[in-house]
Amino acid sequence: MSEELVENEIAQEQAFVDRVQVQLVKSAKAAQELAREGHGRGRLGHEGGLVERDAMVFQAAKRIAQLDAAHEGLVFGRLDLRTELDAAPRYIGRIGLRDEQRDSLLIDWRAPAAAVFYQATAAEPQGVVRRRVLRSTGPTVIGVEDELLDAEAETDLPIVGEGALMAQLSRARDRSMHSIVATIQAEQDKAIRAPGKGVVSISGGPGTGKTVVALHRAAFLLYTDRRRYEGGGVLVVGPSGVFMRYIERVLPSLGETAVALRSLGEVVDGVKASRHDEPAVADVKGSARMAELMRRTARQQAPGSPQEFRVFWRDDTIVLDRGTLGRLRRQLMSQGRRNRQLPRVATTLLDAMWRQVRGERGRDRGREAFNDDMLGNQAFVEFAVAWWPPLDAPQVLGWLRDPELLARVGEGLVSPEDQRLLAKSWSGDGSLSVEDVPLLDELRYALGDVPARTEEDHDLDDHIGGDLQELTTAAEREYAPSGRAWAPPTHRIEDDGYAHVLVDEAQDLTPMQWRMVGRRGRGASWTIVGDPAQSSWPVPAESAEARAAALEGKDLHEFHLSTNYRNSSEIYAYAAAYAERVGLDADLPTAVRSTGIDPKVVTGSADLESATREAVREVAEQVAGTVGIVVPVARRSEVNAWLASWPEFADDAPGARAAVDSAVAPSGEDRVVVLTGLDTKGLEFDGIVVVDPQQIEDESVTGRATLYVVLTRATQLLTTVS
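Residues numbered from 1 in each chain as written. Predicted model: local features only at pLDDT ≥ 70, side-chain atom pairs only at ≥ 80, totals over all residues. Heavy atoms only, no water.

**Concerning the overall build of the protein chain**
Tallying secondary structure elements over the protein chain gives 29 helices and 23 strands in all. A total of 722 residues make up the protein chain; the buried ones form 53% of that total. Of all intrachain contacts in the protein chain linking residues separated by at least 6 positions in sequence, the fraction that spans at least 24 positions is 74%. Total accessible area computed for the protein chain in this model is approximately 31,700 Å², and 49% of it derives from carbon and sulfur atoms. (Helix = DSSP H or I, 4+ residues; strand = E, 2+ residues; numbered from the N terminus. Buried < 20%, exposed > 50% of the residue type's maximum accessible area, 1.4 Å probe, protein only. Contact = heavy atoms within 4.5 Å. Areas by Shrake-Rupley, 256 points an atom, 1.4 Å probe, with all protein chains shown as cover.)

Encoded structure:
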């Protein structure tokens, strides 16, 4: 193949891309003009103009955002069809564009007309003679990769390049996942374009592209039914903040920004946790029995609340003793969630007190006078507020710091040893772990939202001077008896639902995490991604039961990916042999790429730091992208200190990283990072150095699965150091 031919083909495609770029600028100007026109409608002085303004400005803003996000590889595909060889080729891009005559210039990759770009094969070309992928840097075409799918077609189309997929797989990794929109394979495309209703389950071994396929599916759903999915929202849930930062650019690069990306420590609005509990504690907090523990806790009397109230009225001494108050508490609890009962508290207490009025003077005065006198009695108001305060989930979770209360609510549910582990985990500085977040969510639902204020509430406030508003509403003023400020939550339970929920690394979700995520998808369609062999949850049957409950009543569509695009065949053969040796029931996909370089095993080193440093240096010199140093949890701080002390890797070292051909990722972030085994979930690196693999295996009951995950993270080089 001559260089002149390649240059001519690139120049031809560059001319088309230049034409698209011109149209892109025109489309952006048209959207900006629409926005200006919309603002003008708002000055018409009537309600209809305001509605038109809002609609026009909203649509213009969406289009501008879509056009702004589409610059990375805007045009990436071309189809030359048997039936259209004499006509203009069909170009595929990240978004759809029309020219000034409203003719299609660029087809959105999600459109039905683009499906053949992904589904055609040499065995079934579906009318495609040549499929071409354009490789670009910004608006500049730097290469083309062709596949001749219909060898029998009478055509003189040149075939250039070695194949788009292999070119993509061989590129250096940086600290972000990139879209695969130009190289989606046929089995992946079927999952992406699956029906929008029910549950789509995407399974497969390491490196099969499950995550990126699921993200492209989210973009596809937004394209096919934008009103539903943008209006209801799309929630993407992943295992960690590291993982969410890794995938955060994929959907924006496809023109989609109306998606909420949350790690498991961030699913609950207003809560953010990144710290993990020790495995033994995490196993207790994740178990299904914690749901009942939280329910029991939410029903307890608030610690420090009064257990008796006594008042003299007319000729009667009225007493609300501990037994009576317990019965009233159970009565209120039987009517619904705790906070929802706040408007009923005053009436319930007054009913019980009125029944104790026996004297003739009191009976003659009547119930209305009794209510007025009690509601004007500051002692009664303070008692009622203190007896049934509005509660929030963090406050109630804090009750469990008391070993006696924990033992009481945990009786028959959690063993004394489990109670000890829980008490120890909650005895620190009060910071939440990732495993605490589902417990908070369980309490949120057990407690319920504080009812919103009504006109009747305001009338009652006027009648009694506002002293009782804590009993009927979420008080906006200081909650006097405890000195705690209480304000209505900015996010309410009923706001939790989404139109679509995407769960990645689903095999790791605990039963309590499934309950948390399930609440957000009761009316949603779902995409679930996972590989059971990579699970870090030790009781799969319990997790499966919780998953089934979260998805109850929804149709299931299952897709299995069978090709490993990440690892070289040498690396995956090593990982697969480990899985077989330790008895993991692993799904073993076929690796399609070979480097000729086997994993390196360094053993018997007397100085682990020196051996690790040499291994990292060697790997970093041979790969252009990211390098991960994977360590046991107990060694993370130690190895981070090693890395900071190595001049060739330390940020503050003069001329740092020169020895490794710039150890900075293309994004400007460090390309050499220290991670634990669980941190690597869903990630990939050009090179991996595993420090003390035996300790990673030994640190939890699912350590073998974790080490298997670690061994499948590298695309080019793998070294283990023992």
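That was the structure; now back to the text.
**Quick word on the packing of aromatic side chains**
Applying the stated criterion across every chain, the model contains twelve aromatic pairs. Aromatic pair F16 and Y91: ring centres 3.7 Å apart, planes at 15°, arrangement stacked. A residue pair is termed long-range when its members are at least 10 positions apart, and F16 in helix 1 (residues 3-41) and Y91 in strand 2 (residues 90-93) qualify at 75 residues. Since its relative accessible area comes to 11%, F16 is described here as buried. Between the aromatic rings of W514 and W526, the centroid separation amounts to 6.4 Å while the plane-to-plane angle is 35°, which identifies the pairing as tilted. Residue W514 is found in helix 23 (residues 511-519), and its partner W526 is found in strand 15 (residues 525-530); the two are separated by twelve residues along the sequence. Like W526, W514 is buried. One aromatic cluster is present, built from ring pairs that chain together F309, F380, F383, W387 and W388. One Lys or Arg, R338, reaches over the ring of W388 and ends 5.1 Å from the middle of that ring. Above the ring of Y445, the side-chain terminus of R519 is found at 4.7 Å from the ring centroid. (Phe/Tyr/Trp six-rings, centres within 6.5 Å; stacked < 30°, edge-to-face > 60°. Lys NZ or Arg CZ within 6 Å of the ring centre and 35° of its normal.)

**Observations concerning the environment of V601**
With respect to the secondary-structure elements, V601 resides in strand 19 (residues 600-602). Classification of V601 by relative accessible area gives partly exposed; the value is 47%. Between the C-alpha atom of V601 and that of V721, which follows or precedes it by 120 residues, the distance is 6.4 Å. Residue contacts for V601: discarding those within four places in its chain leaves Y574 and T720.

**Digging into the sheet that holds strand 5 (residues 128-137)**
Taken in spatial order, the six strands make up an open sheet running 3-4-2-1-5-6, and their pairing is mixed. Edge positions in the sheet fall to strand 3 (97-98) and strand 6 (140-148), since each of these pairs with one other strand and no more. Bridge count between strand 3 and strand 4 (residues 104-108): two bridges; the pairing is antiparallel. Pairing of L97 across the sheet is with L106, part of strand 4. (Pairing = 2+ DSSP bridges.)

**Some thoughts on the pairing of strand 10 (residues 309-313)**
Burial along strand 10 is one-sided: F309, V311 and W313 are buried, while R310 and F312, pointing the other way, are not. Pairing of strand 10 with strand 11 (residues 316-320) involves five bridges; the strand directions are antiparallel. Bridge assignment links W313 to a residue of strand 11, and that residue is D316. Linking strand 10 to strand 11, which pair antiparallel, is a turn of two residues; within it R314 sits at a positive phi near 55°.

**Some remarks on the sheet that holds strand 16 (residues 556-561)**
Pairing is parallel across the open sheet formed by six strands, whose spatial order is 9-8-14-15-7-16. If you trace the sheet from one side to the other, it starts and ends with strand 9 (259-263) and strand 16, each paired once. Put simply, the sheet's adjacent strands are angled 15° from each other on average, direction ignored. (Axes fitted to C-alpha atoms, helices over the stretch in contact; angles between N-to-C directions.)

**Considering unusual backbone geometry**
Residues apart from glycine generally show negative phi values, whereas peptide bonds are mostly found in trans. The backbone of Q126 sits at a positive phi, close to 50°, despite the residue not being glycine. Inspection of the secondary structure puts Q126 in the loop between helix 3 (115-119) and strand 5.

**Digging into the packing of helix 13 (residues 342-354) against helix 15 (residues 367-375)**
Close contact between helix 13 and helix 15 brings their axes to 11 Å; oriented N to C, the two are set at 120°. As far as their axial angle goes, helix 15 and helix 13 are oblique. In terms of crossing hand, the pair formed by helix 13 and helix 15 is right-handed. Across from T347, L350, D351, M353 and W354 in helix 13, the residues of helix 15 making contact are R367, F370, N371, M374 and L375. Here the contact of helix 13 with helix 15 is composed, by residue class, of six nonpolar, two polar and two charged. (Parallel < 35°, antiparallel > 145°, perpendicular 65-115°, else oblique. Left-handed = near helix turned anticlockwise from the far one by under 90°. Nonpolar A, V, L, I, M, F, W, Y, C, P; charged D, E, K, R; others polar.)

**Re helix 25 (residues 569-582)**
The end-to-end C-alpha distance of helix 25, which contains 14 residues, comes to 20 Å, matching closely the 20 Å that a straight helix rising 1.5 Å per residue would cover. Three or more residues of helix 25 are buried, namely E570, I571, Y572, A575, A576, Y578, A579 and V582. Considering only its buried residues, helix 25 is in contact with strand 17 (563-568), strand 18 (590-593), helix 28 (693-698), helix 29 (703-711) and strand 23 (714-721). Looking one or two residues beyond helix 25, the residue adopting positive phi is G583, at roughly 85°. (Expected span 1.5 Å × (residues − 1).)

**Describing the environment of N567**
Tracing the sequence through the fold places N567 in strand 17. At 2.9 Å, the side chain of N567 forms a polar contact with the side chain of N564. A polar contact is formed between the side chain of N567 and the backbone oxygen of A714, at a distance of 2.7 Å. (Polar contact = N/O pair within 3.5 Å; in protein donor to acceptor, adjacent residues only side chain to side chain.)

**Topic: the nonpolar core**
Judged by nonpolar contacts, the single largest core of 69 residues is most densely connected at I92, W109, I202, V236, V690 and Y708. Among the elements that take part in this core, helix 6 (residues 210-224) stands out by supplying eight residues, more than any other. Sequence-distant contacts of I92, defined by excluding residues within four places in its chain, comprise L74, V75, F76, G77, L79, L106, I107, W109, A114 and F117. Core analysis: the next-biggest nonpolar cluster, separate from the first, contains 50 residues, L235, V267, M290 and Y498 among them. (Core = buried A, V, L, I, M, F, W, Y, C linked by side-chain atoms within 4.5 Å.)

**Remarks on a positive patch on the surface**
The grouping of R337, R340, R344 and R522 at the surface amounts to a positive patch. Mapping R337 onto the fold places it in the loop between helix 12 (322-333) and helix 13. Exposure remark for R337: the relative accessible area of 40% places this residue in the partly exposed category. (Patch = residues over 30% accessible without salt bridge, like charges linked within 9 Å, V, L, I, M, F, W, Y side chains within 5 Å. Salt bridge = Lys/Arg side-chain N within 4 Å of Asp/Glu carboxyl O. Lys, Arg positive; Asp, Glu negative; His and termini not counted. Charge placed at Lys NZ, Arg CZ, Asp CG, Glu CD.)

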